[in-house]
Each structure stands twice: as C-alpha cells, then as structure tokens.
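Structural overview for review
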Amino acid sequence: MPTILEDSAIAVDPSVREFLSRPMKLFINGEFVEAADGGTFATYDPATAEEITPIARAQKEDIDRAVAAAKAALPAWSKLPPNQRARVLLKLADLVEENVDKIAQTDSLDLGKPLVVARDYDVPFVADVFRYYAGWATKAHGETLDSGWPDTHVYTKKQPIGVVGAIIAWNFPLTLLSWKVAPALAAGCTVVLKPAEQTPLSALIFAELCAEAGVPDGVVNVCTGIGEEAGAALVAHPDVRKISFTGSLEVGRLIAQQAARDLKHVTLELGGKSPNIIFADADIEVAAAQAAQAIFFNSGQVCCAGSRLMVEKPVYDQVLEIVTDEANNHKLGAGLDPSTTLGPLVSEEQMNRVRGYLRVGEEEGARLVSGGNGSDLPGYFVEPTIMADVPDHLTVVREEIFGPVLVAQPFEDVEELTSRANDTEYGLAAGVWTTDVRKAHRAAEALDAGTVWINCYNYFDAGVPWGGWKLSGYGKDLGREAFEKHLETKVVWTNLA
Ligand code: ADP
C-alpha cells in the first residue's frame, strides 16, 4: 500500500483501501481470474514513485479467452431489446456516480491528477456518457428504399459490428473507457478492453460495476496488460471486428497497419499540437488565463492541450505576463493532496521524455520564461514551463510534448497566421480568442482541426463528436457518430411479385 494512503492529513475513502487490498485480476466472462501464466506487472503512484499494487498481466492466451467470451455473448446481447440495453447503461451511470469517491481517488492515485478534477470533472462526465448512449440504444434504425426493380420491397437494417477491442491511453482512465465502451454496448457490440498499463485500476472498479449492473457475462471483459503483449494480441485477433484506440501516433500507425490485414474497422484518436490563437481584440485577461489552463490542465497530458500559443504582437507581452503568473502560481504535489493544483506526470518514462524536450528547446535556442526544471519532490514532476519567441521550425513547436510545457509565438500578419498554424502534421484542435465574430468564424473555417474552440477551450460533451484530422487520426469518439461507427448496414431485398 503506498505511503500516501497512510498519511493522516489525506482523507482516503475506506472503499479505496478495501479495493487495493484485493488481488487485481483480469475480468473475463463475468469472473475475476488470474492471467493464465500467473504473470503480473506493477502500477505506480507517480507522486512518490512507489508501487501501488501488482496487476494481472494478460498475454495472448488471456486475450483469446476474453475474445471468445465476447464472441459467445454477442448474439444474446445484440438481440436484447434495445430498451433493456439502455437500462443496463443507465444503471452503469448510476453506479459510477454512487462510487464517485472510490473511482476519483483511485484514478487520482494511479495517474496523479488533482482529486478535485477526477471527482468533479471525470466521474460526472463518465456518467453523462453512459446516459447519453443509453438514449442511442433505442435509436438504431434503417430505412425503406424505392428501387428501380418493379414489385420489390427494400429496406436497410443496422446491426452491431461485433466484438470491439478497445485500447486506451492513461491520461483520462475512466473517461476514455466510457468513450469506447458506452457506444459499443449501446449498439449491441461486446467489448474486450485493454486499459493503459500505467493506469489500470479504475477499469477494474468498472468491471465490478458491470457485474453489479447486470451486464451479462462476456459482454464487457477487461484485460489489464502491456501494449506490446495484450494490446497487440487484441489487435491481431481475427474475431475482433473493430479496434477503438486512443493513444500515440506511433501505436496508431501500427494498429492501422495490422487492422488492414483483417479489414477491421478502426477508430484512432491520436496526438496533437494544437494552436491556441489570441487576437489583439480578445478579452485578454480571460484569454490569457484560459491559455494557461489549456496547457497546464492534467499537467499538459492532454491530446488537445493548447501547447502552441500564438498571440498577436500588440498584446504578446501582456499575455505572456499573465500566463507566466498562472504558471508560477501552481502548487505541485500528489493528486490526493487537496492543496495540489498540478500533479506529477504519469511515469518516469514520461517525465524523462518531457525533460528531454526542455533540453532540446534550450539547445535549439528557445527563450525560457518560466519553469524548465524537475522538482525536489520524489515523484515524476516537471515544473510548468513556458518558452517564448519560439520560431516555427523548432522541435518544441513541431512535436507533441505531452507535458506542462507551453511554446509562445507572436504573430503580426493575420493572412499568414492560418498557414503557420496549419503547418503541422497534426489536426486535433485549435483555440481562437477574439471579440470579432467574423474573424472568429473565418479562422474556424481555415484551421485544419477536428475541433475549434472560439473564446473557450477544452469544452467537451457526450453528444458532441470528438476526433482529429490528418495524423491526429480518423473516426470520432462521442456524439451520434461514435454510436453509428459500431453498426453495419444490411440491405434486404424482397421480390413481391
Ligand atoms: P503513450 O505513449 O501515451 O503511453 P501508447 O500509444 O503507447 O501511448 O499507449 C496507448 C495504449 O496503447 C496503451 O493501452 C498501450 O498499452 C497500448 N499499446 C501500446 N503498444 C501497443 C501495440 N503495439 N499494440 C496494441 N496496443 C498497444
């Protein structure tokens, strides 16, 4: 048990201690089971670098068992009346809310995110997502079509794609789980989920809730494990008809290549290097404060982090000053410590990666305005960092850092602005801050991004589709589109003559 749970200053829900005192097993066909070879891996508290608990490590054999269970459960689940599937999803939403402290504290411990964010943002969003897709469960329908053949009756029917393999990143553990699992279940698909190895815990709480909610055995299976082992086996499995993935570009490419062999459906939500653009006519106080939030939220470990701040020259210094103040005001610490506003990075590997970018930025000549260091704390911390006046060609402008590191750039020529902002291989999101409605919508039209936020940032909703362009991936999470992407269309012709 990590020492933070013994710290009397930190109020830990008894359910968390009870949960962590049990062995962490795979959830296959409605049962918690060891990995076939008995293997485990460790998950760590990133605030202290201490091991939290060993976790069952699924291998190909376990994935085979889980996919077989999901395949066996598919006919009954897909034929269950849609209103009954909806009820199960609604029940899951209720149970997620009832277990808010257990889930939020566990995710906060496992990932390091401030508890208040896990409790007030992630968990309510997860419940929303399940409720939203409960609504869609009853709304899959085909159409009747008039054909050129006389005396025929033609209709289409929507049927679930089949077994879905869901593979997710660590930055929003239960939230990303809900984005993948809820639309799949609503559509009548069954799921094998592979959570990220850095943050497997809340997915196992979710498995318990599935059992409690009456999700039939085999409909949801959770296989904790390593990407190259359990993840790769899931992608390669011929009975998996769709891979729903959130993670890195590198692994996304691999998945797309492997999925091509079996012509699996694929949804990929990958990285980003999102420009956040502040025009001189914006409400500068608000825009600058939000620009800081756009990069430092979740310690910058957000695929759509506003990591490239582009500011019109006349207000550049003013914005930089406010953003720097915001950065300097953060208090680093463990997510479970209520005074923390900026948690650690998820792992040593991630911390070293981000620190590597800080070195590269310095070597290539970026001007350091704030931060730039690790911290004396024992865990995987990086100070909120701002680099200013950074030319477009520098590595820190071009590559996704995935940490609390902002690069700031002035712009003068508005004509040139969108081509500079679009000169990136990614296309996930962008922010635009201005009080001129024409300028705002012209910029929104011109930016290559799956989402453009005008005078706001990081707004999400269960009903609003989310996903990138270009190397940020394809397919959408959330909204109607994610539900429809779990359905096949069948055409039925009848000769009435
Ligand atoms: P990050 O670099 O942010 O950890 P990854 O893309 O490596 O992102 O990981 C996202 C998810 O993909 C994790 O669940 C991880 O285990 C999984 N993963 C990693 N490598 C593979 C792979 N070769 N095949 C399938 N899944 C993988």
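Summarised in this report is the structure supplied together with it. (Residues numbered from 1 in each chain as written. Predicted model: local features only at pLDDT ≥ 70, side-chain atom pairs only at ≥ 80, totals over all residues. Heavy atoms only, no water.)

Attention shifts here to the sheet that holds strand S22 (residues 487-495). Pairing is antiparallel in the open sheet, where three strands are placed in the order S5-S6-S22. At either margin of the open sheet sits one strand with a lone partner, and together these are strand S5 (144-145) and S22. Pairing between strand S6 (residues 152-160) and S22: nine bridges, direction antiparallel. By the bridge assignment for S22, His-153 is matched with Thr-494. (Pairing = 2+ DSSP bridges. Helix = DSSP H or I, 4+ residues; strand = E, 2+ residues; numbered from the N terminus.)

The next subject is the environment of Asp-281. Residue position: Asp-281 is located in the loop between strand S12 (275-278) and helix H10 (284-296). Judged by its relative accessible area of 25%, Asp-281 is partly exposed. Aside from chain neighbours lying at most four places away, what touches Asp-281 is Trp-433, Thr-434, Thr-435, Asp-436 and Lys-439. Side-chain polar atoms of Asp-281 contact the side chain of Thr-434, separated by 2.7 Å. (Buried < 20%, exposed > 50% of the residue type's maximum accessible area, 1.4 Å probe, protein only. Contact = heavy atoms within 4.5 Å. Polar contact = N/O pair within 3.5 Å; in protein donor to acceptor, adjacent residues only side chain to side chain.)

Two measures describe an aromatic ring pair: the distance that separates the ring centres and the angle between the ring planes. The final tally for this structure, using the stated rule, is 15 aromatic pairs. Consider the rings of Phe-125 and Trp-179, whose centres lie 6.1 Å apart with planes at 75 degrees: the pair is edge-to-face. Of the two residues, Phe-125 is situated in helix H5 (residues 115-137) and Trp-179 in helix H6 (residues 173-187); the sequence distance between them amounts to 54 residues. The residues Phe-125 and Trp-179 share a single accessibility class, namely buried. Taken together, the ring pairs connect Tyr-121, Phe-125, Phe-172, Trp-179, Phe-297, Trp-453, Tyr-457, Phe-460 and Trp-466 into an aromatic cluster. (Phe/Tyr/Trp six-rings, centres within 6.5 Å; stacked < 30°, edge-to-face > 60°.)

Neighbouring the ligand are 18 residues; Ile-168, Trp-170, Lys-194, Glu-197 and Ser-248 lie closest to it. In the model, an oxygen atom of the ligand is placed 2.7 Å from a nitrogen or oxygen of the Ile-168 main chain. Measuring from a nitrogen atom of the ligand, one finds a backbone N or O atom of Ala-232 at 3.5 Å. Mapped onto the shell around the ligand, the elements with two or more residues apiece are helix H8 (227-236), strand S10 (240-246) and helix H9 (249-262). Residues that form the shell around the ligand fall into these classes: ten nonpolar, six polar and two charged. (Near = heavy atom within 4 Å. Nonpolar A, V, L, I, M, F, W, Y, C, P; charged D, E, K, R; others polar.)

This part takes up the pairing of S10. Taken residue by residue, a regular strand's side chains alternate between the two faces of the sheet. The buried fraction of S10 is high, at six of seven residues. Across five bridges, strand S7 (residues 163-167) lies against S10 in parallel orientation. In the strand pairing of S10, Val-164 is matched with Lys-242. Pairing analysis gives five bridges linking S10 to strand S11 (residues 265-269), with the strands arranged parallel. Pairing of Ser-244 across the sheet is with Thr-267, part of S11.

Another point: helix H2 (residues 60-79). Between its first and last C-alpha atoms H2 spans 29 Å; for 20 residues at 1.5 Å apiece the expected length is 28 Å, and the two agree. Along H2, the sharpest change in direction is near 40 degrees and occurs at Ala-73; proline Pro-75 comes one to four residues later. Restricting attention to buried positions, one finds in H2 the residues Asp-62, Ile-63, Ala-66, Val-67, Ala-69, Ala-70, Ala-73, Leu-74 and Trp-77. (Expected span 1.5 Å × (residues − 1). Bend = angle between axes of the 7 residues up to and from the residue.)

Side chains that carry opposite charge are capable of pairing whenever their charged atoms lie near each other. For the structure shown, the criterion picks out 24 salt bridges. Among the ionic pairs, Arg-398 bridges to Asp-423, the shortest N-O distance being 3.5 Å. Taken as a pair, Arg-398 in helix H13 (residues 395-398) and Asp-423 in the loop between helix H14 (414-422) and strand S17 (426-427) lie far apart in primary sequence, 25 residues in all. Here Glu-481 ties to Lys-485 by a salt bridge, and the two come within 3.8 Å at their closest N and O atoms. Under the relative-accessibility criterion, Glu-481 is labelled partly exposed at 33%. The partly exposed category is assigned to Lys-485, whose relative accessible area is 35%. (Salt bridge = Lys/Arg side-chain N within 4 Å of Asp/Glu carboxyl O.)

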